[in-house]
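Inside the fold
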Amino acid sequence: MSVISVYAVFADPNEAERIGQLVVEERLAACVNILGPTRSIYRWKGVIESAEEIAAIFKTTHARADSLITRIAGLHSYDVPCIATWPIDKILDSYAEWIENSVG
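The structure presented is a predicted model; accordingly, all values stated were derived computationally and were not measured. (Residues numbered from 1 in each chain as written. Predicted model: local features only at pLDDT ≥ 70, side-chain atom pairs only at ≥ 80, totals over all residues. Heavy atoms only, no water.)

1. What about the confidence of the model for the chain?
Quick note on the threshold: Each residue carries a pLDDT score, the predictor's own confidence in it, on a scale running from 0 to 100. A run of DSSP states H or I qualifies as a helix once it reaches four residues; a run of E qualifies as a strand once it reaches two. Both are numbered from the N-terminal end.
With 99% of its residues at a pLDDT of 70 or more, the chain shows a mean pLDDT of 96. In the model of the chain, strand 4 (residues 83-87) stands out as the element of lowest mean pLDDT, 93, in contrast to helix 1 (residues 13-25), which has the highest, 98.

In structure tokens:
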């Protein structure tokens, strides 16, 4: 199985949707789940900050993950965006096949 999830956080729903749409069109991801608002608390340039952000989970393959991460980072509005992979231990075989077929 070569399927992996890529987790990313965006400034707002429009950014998440724009980038999600583009990477699916480019076959870097089979799909993206754009989640509801999340509250983030983080340190940035020595100051504790708090912001409402939008999380998203992209489904792709290990072979496409690096290209997907690079593409999201290049389109992202943040200087240092949160983009990380999450391994998938178990998955429905037919869903894994669909993902693999969708990204080529």
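2. Quick word on the pairing of strand 1 (residues 3-10)
Selection criterion: Exposed residues in this analysis have more than 50% of their type's maximum accessible area, buried residues have under 20%, and partly exposed residues fall in between, with area computed by a 1.4 Å probe over protein chains only. Whether two strands pair comes down to DSSP finding at least two bridges between them.
Of all 8 residues in strand 1, 8 are buried, a share of seventy percent or more. Across the two faces of strand 1 the burial is the same, with V3, S5, Y7 and V9 and I4, V6, A8 and F10 all buried. In terms of strand pairing, strand 1 meets strand 3 (residues 47-61) through 8 bridges, oriented antiparallel. The residue bridging S5 from the neighbouring strand is K59, located in strand 3. Looking at chain direction, strand 1 and strand 4 are connected through 5 bridges and run antiparallel. If you follow I4 over to strand 4, its bridge partner there is P87.

3. Structural notes on the environment of S40
Selection rule: Between two residues, a contact is recorded if the distance between any of their heavy atoms is within 4.5 Å. Here a polar contact is recorded for every N or O atom pair within 3.5 Å, except that within protein the pair must consist of a potential hydrogen donor and a potential acceptor, and residues adjacent in sequence are included only if both atoms are side-chain atoms.
Inspection of the secondary structure puts S40 in strand 2 (residues 31-44). Residue classification places S40 among the buried residues on the basis of a relative accessible area of 15%. It is 28 Å that separates the C-alpha atoms of S40 and R64, two residues lying 24 residues apart in sequence. In contact with S40, not counting residues within four places along its chain, are E49, S50, A51 and E53. Among the polar contacts made by the side chain of S40, one reaches the side chain of E53 at a distance of 2.5 Å.

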